[in-house]
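Each chain, written out:
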Amino acid sequence: MTLDFSFIWTAFVKLLPAIPNTLYITVVSVSCGFIIGTIVALSRIYKIPVLNQLGTSYVTFIRGTPMLTHLLLIYFGLPLIIDGLAEKYGWSFNSVSIPMIGFAYISFSITAGAYLAEVIRSGMLAVDKGQLEAAHSIGMTTFQALRRIVFPQAFAAALPNLSNSLIGMLHGSTLAFTVSVVDINAKAQIVAATNWKFFEAYLAAALIFWGLTIVIERITAWLEKRINVYNRGGVA
Amino acid sequence: MIKLTKITKSFGRNRVLNGIDLTVEKGEVVAILGPSGSGKTTLLRCINYLEKPNDGEISIDDFIVNCRNPAKKDIHALRRKTAMVFQNYNLFRHKTALENVMEGLVIVKKISRDEARKLSIELLEKVGLGNKLSSYPSQLSGGQQQRVGIARALALNPEVILFDEPTSALDPELVGEVLAVIRKIAKEGITMIIVTHEMGFAQDVANHVVFMDEGVIVEEGHPKHIFNSPKEERTKQFLARITPESAYSI
Ligand SMILES: Nc1ncnc2c1ncn2[C@@H]1O[C@H](COP(=O)(O)OP(=O)(O)OP(=O)(O)O)[C@@H](O)[C@H]1O
Ligand SMILES: [Mg+2]
């Protein structure tokens, strides 16, 4: 077997239009996951009744089951719930009108939320308790203290893990093909189906993922450098 | 005037403050002395509600907090009337010296950034750090960090500044610069409550000394009386143990 270099290039070009789908899924799931994760992390750190226990179960269940399983559960389970409710309350809306990518958004947000909850929680625990006390002592409310003092430091502490999660979700987004969303990987399969040059097509997909991952790593490194100016010090 | 009435505080079954009554006049510099574990830090932390007293009353002029069931807004108001200088500085690590001092002015007092900056620079100059405005805490020595901590507390123009062993985490050669700053602001008539093991300093700067042991105030009064003619046996023992002969003669 010889490698068809020119087809790698052809496939590469044909895969480009699928990049947005991959990015949408990644960005939406990580953004929603960040919000879910922050709420869960705060509930667990501040031991808010009910939310704390719910959050803990959510995190252990999601982290204890594969991402593909989450997608399948949402894909088959959500329509049952929605159509059941629609029938009961006479809505005109039903599950057929949910776009396929919507299932990916929902399920991957749930997945990302559980992983990010742990990342955010450990970031917040890395911030010295004295920082919150100092903020309180100058008269800040807890909300102001979290927003101005704790979160920025927690973000800096969590940045490497956040970046890893983002990369994980980028790569995980390939699972969306199981619900017929054409992401980069699915597109590679389609492109190769005409001439059976699967290896070349997937190699092209790999190059694109690698490139995207490098971009994320570069942005992280830049952010880290900017944010962590205050950690360099060392005169003391 | 700050008045503490029957403040009690327990950690679990361990009663750490056992009915503290203390009155601090405006402009007074109070030194709190006492053996380790006697509840000095806890008392200080109760005054600005970093620790929640179980019972008692804290009043600053006409403002009163009932510690049995304080309203959230009262706690917040109390914290705005007090400021704390911590043993381990607790400067905001991600903010420069200038930003540390500005933070409370901008976020809590809602003063414009320009004005806050001007005021903060003045304060940092006052503590001798006019040339360190844009340094992060990690780039400052312990003594410098503590002086930023003092400037941060001063910025809020509080009714009282609480100091918890402000020099005990410092290398001996850095203690002097911090004590000098505290001495300087004591002269300006700012009310201060200082927990300290620096007997010479207490004797020399304070005009009201409080000796605590096992969660109660054993004896209090003018430094001359406490240091030279203590009445209580426990005070005598403590002073005999902790004060080197030379400190008596300052
Ligand atoms: N957060 C806490 N939880 C449980 N016990 C505590 C806590 N903080 C203080 N204590 C206990 O309360 C008692 C008084 O502590 P505190 O720190 O007020 O003493 P101190 O007079 O400041 O001592 P030192 O001179 O060593 O600083 C000690 O027995 C201590 O173990
Ligand atoms: Mg102490």
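Residues numbered from 1 in each chain as written. Chains lettered and ligands numbered in written order. Predicted model: local features only at pLDDT ≥ 70, side-chain atom pairs only at ≥ 80, totals over all residues. Heavy atoms only, no water.

The name given to chain B in an unreviewed UniProt entry is L-cystine transport system ATP-binding protein, with the source organism recorded as Cohnella lupini.

As recorded in an unreviewed UniProt entry, chain A goes by the name L-cystine transport system permease protein, listed as coming from Cohnella lupini.

> Please clarify how the nonpolar core should be interpreted in this entry.
One broad trend across soluble globular proteins is that nonpolar side chains are buried collectively. Leu4(B), Leu124(B), Ile150(B), Phe163(B), Met192(B) and Ile193(B) are the most contacted members of the largest nonpolar core, which has 105 residues in total. Look past the residues within four positions of Met192(B) in its chain and what remains in contact with it is Glu28(B), Val29(B), Val30(B), Val160(B), Ile161(B), Phe163(B), Ile182(B), Ile185(B) and Ala186(B). (Core = buried A, V, L, I, M, F, W, Y, C linked by side-chain atoms within 4.5 Å. Buried < 20%, exposed > 50% of the residue type's maximum accessible area, 1.4 Å probe, protein only. Contact = heavy atoms within 4.5 Å.)

> Just checking my understanding: could you explain the pattern of salt bridges for this structure?
Note on pairing: side chains with opposite charge can pair once their charged atoms come close. Taken as a whole and judged by the stated rule, the model has 16 salt bridges over all chains. Here Lys129(A) ties to Glu133(A) by a salt bridge, and the two come within 3.9 Å at their closest N and O atoms. In this pair, Lys129(A) and Glu133(A) both sit in helix H6 (residues 129–137), four residues apart, roughly one turn of the helix. The partner of Arg45(B) in a salt bridge is Glu133(A), with the nearest N and O atoms 2.7 Å apart. Of this pair, Arg45(B) sits in helix H1 (residues 40–47) while Glu133(A) sits in helix H6, each in a different chain. Linked through salt bridges whose partners overlap, the residues forming this network are Lys129(A), Glu133(A), Arg45(B) and Glu51(B). (Salt bridge = Lys/Arg side-chain N within 4 Å of Asp/Glu carboxyl O. Helix = DSSP H or I, 4+ residues; strand = E, 2+ residues; numbered from the N terminus.)

> Where do I start with the sheet that holds strand S2 (residues 14–24) of chain B in this structure?
The strands making up a sheet associate through backbone hydrogen bonding, with each pair oriented either parallel or antiparallel. Residues and elements named next belong to chain B. One open sheet accounts for four strands, arranged S2-S1-S4-S5; its pairing is antiparallel. Each edge of the open sheet carries a strand with a single partner, namely S2 and strand S5 (63–66). Neighbour-to-neighbour, the strand axes of this sheet turn through a mean angle of 15°, independent of strand direction. The strands touched by helix H2 (residues 72–81) are strand S4 (55–60) and S5; relative to S5, the strand with the most contacts, the crossing angle is about 130°. (Pairing = 2+ DSSP bridges. Axes fitted to C-alpha atoms, helices over the stretch in contact; angles between N-to-C directions.)

> Help me out: how do you make sense of the site of ligand 1 in this one?
All names here are of chain B. Taken together, 13 residues form the shell around ligand 1, and within it Ser 36, Gly 37, Lys 40, Thr 41 and Thr 42 come nearest. Here an oxygen atom of ligand 1 and a side-chain polar atom of Thr 42 are 2.5 Å apart. In isolation ligand 1 offers 640 Å² of accessible surface; the protein chains occlude 60% of this area. Within the residue set of the shell around ligand 1, elements represented by two or more residues are S2 and H1. It is H1 that provides the largest number of residues to the shell around ligand 1, a total of three residues. For the shell around ligand 1, the class distribution of residues is three nonpolar, eight polar and two charged. (Near = heavy atom within 4 Å. Polar contact = N/O pair within 3.5 Å; in protein donor to acceptor, adjacent residues only side chain to side chain. Areas by Shrake-Rupley, 256 points an atom, 1.4 Å probe, with all protein chains shown as cover. Nonpolar A, V, L, I, M, F, W, Y, C, P; charged D, E, K, R; others polar.)

> Explanation requested: the interface of chain A and chain B in the structure shown.
With 25 residues of chain A at the contact, the number on the chain B side is 29 residues. Buried area between chain A and chain B, both sides added, is near 2300 Å², and the carbon and sulfur share of it is 57%. Linking chain A to chain B there are two salt bridges. Note that Glu103(B) and Arg148(A) form a salt bridge whose closest N and O atoms lie 2.7 Å from each other. Where the side of chain A that touches chain B is concerned, the elements lending two or more residues are H6, helix H7 (142–172) and helix H10 (229–232) of chain A. When residues in the side of chain A that touches chain B are grouped by element, the largest group, seven residues, is from H6(A). A class-by-class count of the residues in the side of chain A that touches chain B yields 10 nonpolar, 11 polar and four charged. (Buried area = accessible area lost by both parts, 1.4 Å probe.)

> Would you explain a positive patch on the surface in this entry?
Taken together, the side chains of Arg147(A), Arg80(B), Lys109(B) and Lys110(B) present a region of like positive charge at the surface. Relative to the elements of secondary structure, Arg147(A) occurs in helix H7. Judged by its relative accessible area of 43%, Arg147(A) falls in the partly exposed class. (Patch = residues over 30% accessible without salt bridge, like charges linked within 9 Å, V, L, I, M, F, W, Y side chains within 5 Å. Lys, Arg positive; Asp, Glu negative; His and termini not counted. Charge placed at Lys NZ, Arg CZ, Asp CG, Glu CD.)

> Even after reading the chapter, I still don't get the sheet that holds strand S3 (residues 29–33) of chain B, so can you show me in this structure?
All names here are of chain B. Read from one edge to the other, the open sheet built from six strands follows the order S6-S7-S8-S3-S9-S10, with strand pairing classed as mixed. Only two strands of the sheet have a single partner each, and these edge strands are strand S6 (82–85) and strand S10 (216–221). Averaged over all neighbouring strand pairs, the angle between strand axes comes to 20°, with direction disregarded. In this sheet, S10 lies alongside strand S9 (residues 208–213) in antiparallel orientation, the contact comprising five bridges. Bridging across to S10, Val 210 finds its partner in Glu 220.

> In this structure, what is going on with the packing of aromatic side chains? I would like to understand it.
Residues and elements named next belong to chain A. Applying the stated criterion across every chain yields a total of seven aromatic pairs over all chains. Consider the rings of Trp 9 and Phe 12, whose centres lie 5.6 Å apart with planes at 10°: the pair is stacked. Of the two residues, Trp 9 and Phe 12 both sit in helix H1 (residues 5–15), three residues apart, roughly one turn of that helix. For Trp 9, a relative accessible area of 57% translates into the label exposed. What makes Phe 12 partly exposed here is its relative accessible area of 24%. Ring centres of Trp 196 and Phe 198 lie 5.6 Å apart, and the angle between their planes is 85°; on these two criteria the pair is classed as edge-to-face. The class of Trp 196 is exposed, set by a relative accessible area of 68%. According to the relative accessible area criterion, Phe 198 is partly exposed, its value standing at 26%. (Phe/Tyr/Trp six-rings, centres within 6.5 Å; stacked < 30°, edge-to-face > 60°.)

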